[in-house]
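Listed here are the chains, written in short residue letters.
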Amino acid sequence: MSQLRLLPSRLGAQATGLLATRGIPRRSWRSRSSEPSAAFPNGTSGGGSSYVEAMYSAWLENPQSVHQSWDSFFRKAGGETPLATPEGRPVPSRRTKASKLVEDHLAVQSLIRAYQIRGHHVAQLDPLGILDADLDSFVPSDLITTIDKLGETLPCDLALQGWPAQVTQWPTFYDLQEADLDKEFQLPTTTFIGGSESSLSLREIIRRLESTYCQHIGLEFMFINDVEQCQWIRQKFETPGVMQFSSEEKRTLLARLVRSMRFEDFLARKWSSEKRFGLEGCEVMIPALKTIIDKSSEMGIENVILGMPHRGRLNVLANVIRKDLEQIFCQFDPKLEAADEGSGDVKYHLGMYHERINRVTNRNITLSLVANPSHLEAVDPVVQGKTKAEQFYRGDAQGKKVMSILVHGDAAFAGQGVVYETFHLSDLPSYTTNGTVHVVVNNQIGFTTDPRMARSSPYPTDVARVVNAPIFHVNADDPEAVIYVCSVAAEWRNTFNKDVVVDLVCYRRRGHNEMDEPMFTQPLMYKQIHQQVPVLKKYADKLITEGTVTLQEFEEEIAKYDRICEEAYGRSKDKKILHIKHWLDSPWPGFFNVDGEPKSMTCPPTGIPEDVLTHIGTVASSVPLEDFKIHTGLSRILRARADMTRKRTVDWALAEYMAFGSLLKEGIHVRLSGQDVERGTFSHRHHVLHDQEVDRRTCVPMNHLWPGQAPYTVCNSSLSEYGVLGFELGYAMASPNALVLWEAQFGDFHNTAQCIIDQFISTGQAKWVRHNGIVLLLPHGMEGMGPEHSSARPERFLQMSNDDSDAYPVFTEDFEVSQLYDCNWIVVNCSTPASYFHVLRRQILLPFRKPLIIFTPKSLLRHPEAKSSFDQMVSGTSFQRVIPEDGVAARTPGQVRRLIFCTGKVYYDLVKERSSQGLDGQVALTRLEQISPFPFDLIEQEAARFPGAELVWCQEEHKNMGYYDYISPRFMTILGRTRPIWYVGREPAAAPATGNRNTHLVSLRKFLDTAFDLRAFEGKTF
Ligand SMILES: Cc1ncc(C[n+]2csc(CCOP(=O)(O)OP(=O)(O)O)c2C)c(N)n1
Ligand SMILES: [Mg+2]
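Worth saying up front: this structure is predicted, and the values here are computed from it rather than measured.

Quick look at the layout of surface pockets
In this structure, the largest pocket spans a volume of roughly 740 Å³. Around the largest pocket, the lining comprises 26 residues; the ones closest to its centre are Ser 211, Gln 215, Met 243, Asp 478 and Ala 481. Residue composition of the lining of the largest pocket, grouped by class: nine nonpolar, nine polar and eight charged.

Comments concerning the confidence of the model for the chain
Chain-level statistics for the chain give a pLDDT mean of 90 and a share of 90% at 70 or above. In this model, residues 1–49 is a region of pLDDT below 50 whose contacts with residues beyond four sequence positions or in other chains number 99 contacts.

Notes on the site of ligand 1
As a structural note, the neighbourhood of ligand 1 is formed by 15 residues, with His 310, Arg 311, Ser 374, Asp 410 and Asn 443 the closest of them. Note that a nitrogen atom of ligand 1 is positioned 3.2 Å from one of the backbone N or O atoms of Leu 376. A distance of 2.5 Å separates an oxygen atom of ligand 1 from a polar atom in the side chain of Asp 410. Taking 580 Å² as the accessible area of ligand 1 by itself, protein coverage stands at 74%. Broken down by element, the residue count for the shell around ligand 1 peaks at three residues, all from helix α13 (residues 410–415). A class-by-class count of the residues in the shell around ligand 1 yields five nonpolar, eight polar and two charged.

Quick look at the pairing of strand β4 (residues 303–307)
Among the five residues that make up β4, five are buried, leaving the element largely enclosed by the rest of the structure. Taking every second residue as pointing to the same face, both faces of β4 are buried, with Asn 303, Ile 305 and Gly 307 on one and Val 304 and Leu 306 on the other. Sheet topology note: the β4/strand β7 (residues 364–369) ladder contains four bridges and is parallel. Across the sheet, the residue bridging to Leu 306 is Leu 369, located in β7. In this sheet, strand β8 (residues 402–409) lies alongside β4 in parallel orientation, the contact comprising five bridges. By the bridge assignment, Gly 307 is partnered in β8 with Leu 406.

A closer look at the packing of helix α8 (residues 247–270) against helix α10 (residues 313–321)
Two elements in contact, α8 and α10, have axes separated by 10 Å at closest approach and are oriented at 125 degrees. The orientation of α8 relative to α10 falls into the category oblique. When you trace α8 past α10, the crossing you get is right-handed. Counted together, Arg 259, Ser 260, Phe 263, Glu 264 and Leu 267 of α8 and Leu 314, Asn 315, Ala 318 and Asn 319 of α10 form the full contact between these two elements. Considered class by class, the residues forming the contact of α8 with α10 number four nonpolar, three polar and two charged.

A short note on the pattern of salt bridges
Within the structure shown, the criterion is met by 55 salt bridges. The partner of Arg 510 in a salt bridge is Glu 280, and the shortest N-O contact between them spans 2.9 Å. Here Arg 510 is found in the loop between β11 (500–505) and α16 (523–531), whereas its partner Glu 280 is found in the loop between α8 and α9 (285–298), with 230 residues between them in sequence. Glu 280 gets classed as buried once you look at its relative accessible area, which sits at 6%.

What counts and how
- Residues numbered from 1 in each chain as written.
- Chains lettered and ligands numbered in written order.
- Predicted model: local features only at pLDDT ≥ 70, side-chain atom pairs only at ≥ 80, totals over all residues.
- Heavy atoms only, no water.
- 1 Å grid on protein atoms, 1.4 Å probe; cavity = no way out; pocket = protein on both sides within 12 Å on 5 of 7 lines; lining within 4 Å.
- Points joined across faces, edges and corners; volume = space filled by probe spheres on them.
- Nonpolar A, V, L, I, M, F, W, Y, C, P; charged D, E, K, R; others polar.
- pLDDT = per-residue confidence, 0-100.
- Contact = heavy atoms within 4.5 Å.
- Near = heavy atom within 4 Å.
- Polar contact = N/O pair within 3.5 Å; in protein donor to acceptor, adjacent residues only side chain to side chain.
- Areas by Shrake-Rupley, 256 points an atom, 1.4 Å probe, with all protein chains shown as cover.
- Helix = DSSP H or I, 4+ residues; strand = E, 2+ residues; numbered from the N terminus.
- Buried < 20%, exposed > 50% of the residue type's maximum accessible area, 1.4 Å probe, protein only.
- Pairing = 2+ DSSP bridges.
- Axes fitted to C-alpha atoms, helices over the stretch in contact; angles between N-to-C directions.
- Parallel < 35°, antiparallel > 145°, perpendicular 65-115°, else oblique.
- Left-handed = near helix turned anticlockwise from the far one by under 90°.
- Salt bridge = Lys/Arg side-chain N within 4 Å of Asp/Glu carboxyl O.

This is the structure we're talking about:
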């Protein structure tokens, strides 16, 4: 049915042709009367009409009895001259007319508003003309289009076309007739279609509304809660003649399209059987991105950080970032040897960093494309984090210098939850990047899946509505419309500092990749695609016809770019070695030596002078602001901190304070983010004090430590792991001189961020030669809290550690540090506050950066034994990878019958049990603080110290979890398989912990009994 009401031939031959081929509407035709009535322009419902009528009646009686604005409204609307009857009332016939006049004006205002709200539903967005971009061919019943026949009787043959028999008239939502089309109507202030005119005929109003809202641009913005912002958008698009391009601009656009198209053609010619995820069908994305960058640069932006998936990535590298073509081409050479360490990545995942002069604005601009994995949209929060950090280091709190652009595929944008998680960061004070421009390559397909099977929302972009981001849909076969939309999008971002979405409705000329046959699954779509004239040809024909360029100039432009490609191709053949380092997205100038290597293989001691410890302890126990009333419970906590400081001891929270505070003193920015981190899930941290009497008055004592110290950021995040961890990883990418930590509420929640852990943290350096020193704090421990909230899943992190379990290492002098350099990440489980303090400081003092995974305590936070003395933290002390037995057993090693190795909290259970069983002289306890990379050297020494002892590994986790599978083969390697390492701990299980408190205690008892049963392994072989 929609054909009948769709737009007339003047939308262009293409559009009308398409209309006839439109598929079956998803919804059947509905009578207009079943539709809810539209809101009136002032936001009231139909009840507004009687109010206006009352106004009109009053005006007829006495024009001065109504407000001036009503008087002017009724006069301009051509109302009757006010005339009172002898009784002071208008005659009845006049009232009828008056009522019609008012109704008509209201109808027209409603109509204007209906176009602004729903016009996009009938915009001609699909270049193929097959599918409606909103997956629905239904035409909103409150739109009157130029082909509607108002109030006329239906021709009887329409019944044959499926109209219900009872419908005898053209359906009209308003009581407007054909004759009304030439009447003049006053325009409300909420439209700009009039330009300098304040009233127009209804016919012209409809024509202008159609031309703004229903051609190749579809605007969704009326859900935005801010009237000023809506007005801004209306003005940008409704004002007559806004989409005018100078011939210079048209020529630039054509030249950019030439590059985009010929780049793909070149790759297709040279490497016809290589996957490259070409951009064909959306070539306009290159001029689109360039326009966003040009416009932003013009508005003061100096640094643009981009994230994007596979589609068109090489083209973006070549033609937007301007990576040397030969470096791109040589990636296609299978014989090239990799020069750098690491396993590398496929070419359409690599990142890039480039500083150059923007040719349009003549200003310096830095562009970086962040490397990403296949996992679609995973890079979104990473880009945001990096952008935030760049803004932070530049002091660009408003995002006037640094901005991000994210490119998305239609299926991924709608389907991946991390998109939503990332949007929710966009307006949070510690996470906002002050607006991102999102560009969706909406080729109306995801691999082989039709969008009608891939999403439940009308558009793939609906997710953006949650943050009030305007969404501009545009037909990608209309390059000028695309450019206009992109320039408004950039202006929006740089005016309001809020997100905006450009939805490029396009098609995918080939299969998902160049080797894929799309006709298997999308036969009709691809029949249409095969007939589709490429956008470059269409646009060139248009410009040649209108005389903006000549055919010869166009051909020369093509030949010029083809020559550039050929020459670069020639040069690329001379390359023998592939440098992944050339694809680094975040260089750290000055951190490494000129060859990109660490400046040393040593780490200075991590202890600090006692007066620094004391000073931090004092500030941590105080309220640095005047007249600031804290909670009495907190006063107690602060008094306890002061007491500990006096006694030269620290608990966990104070040790963390001292690590952060000392780094801040040394100019290292510290940022701690995650759910409820400010107070701490376990109410132990209290880094943000809240005035009990003044709303939102807070104090962060950590920022009052020293004049000139580095800033400390501690921020409660949104309830997201995937998004927030990705964000912090991106933040940590920007600079090596910051300690960036993400804390999970409980360790097991990290699994909803698994993709960031697997695809970026564990593998990032190997794939992209990019270091990252992010720290993950994962509360862990079997404390009877149930299957969740117990395990941070150490086994998973350890399984992904890359140190070789079977290789007996060479113990060089720098073994401790070089082992750290060689690993993909560091996994620790500290048993003392001092250990935690040192490992946090070591993270920054190391001459390179590695991700650090820390299993952090819960009950140990308040355990009376889990305290450390200043002696373990002062200058000269450092992180102990292994804490050897130093009690009674250490003094008589010959008498020790069992040496139990363990890690973390279970140590305290074991110490207590050993003492209660009177086995202090016979059982030694040694703690692994650093589990991975495995401290082979220290374990060997420790085992040798107790030659007659049976070796046991004890853990509180189940046997198939925890550390056992990781440590067991490494013990075998270091012991030369001469001595067994027996397992003591919970039995294998499916769930990480029981939900029954009693079962928990029974299993604890059982393994503690085994740990100290010195005959438990008698007669057993290994
Ligand atoms: C998280 C994730 N799931 C699945 C895939 C496999 N995959 C690769 S491309 C693709 C289709 C993407 O469609 P769309 O987002 O529309 O981008 P297009 O390829 O059409 O440009 C899929 C499912 C992936 N890369 N990432
Ligand atoms: Mg797609």
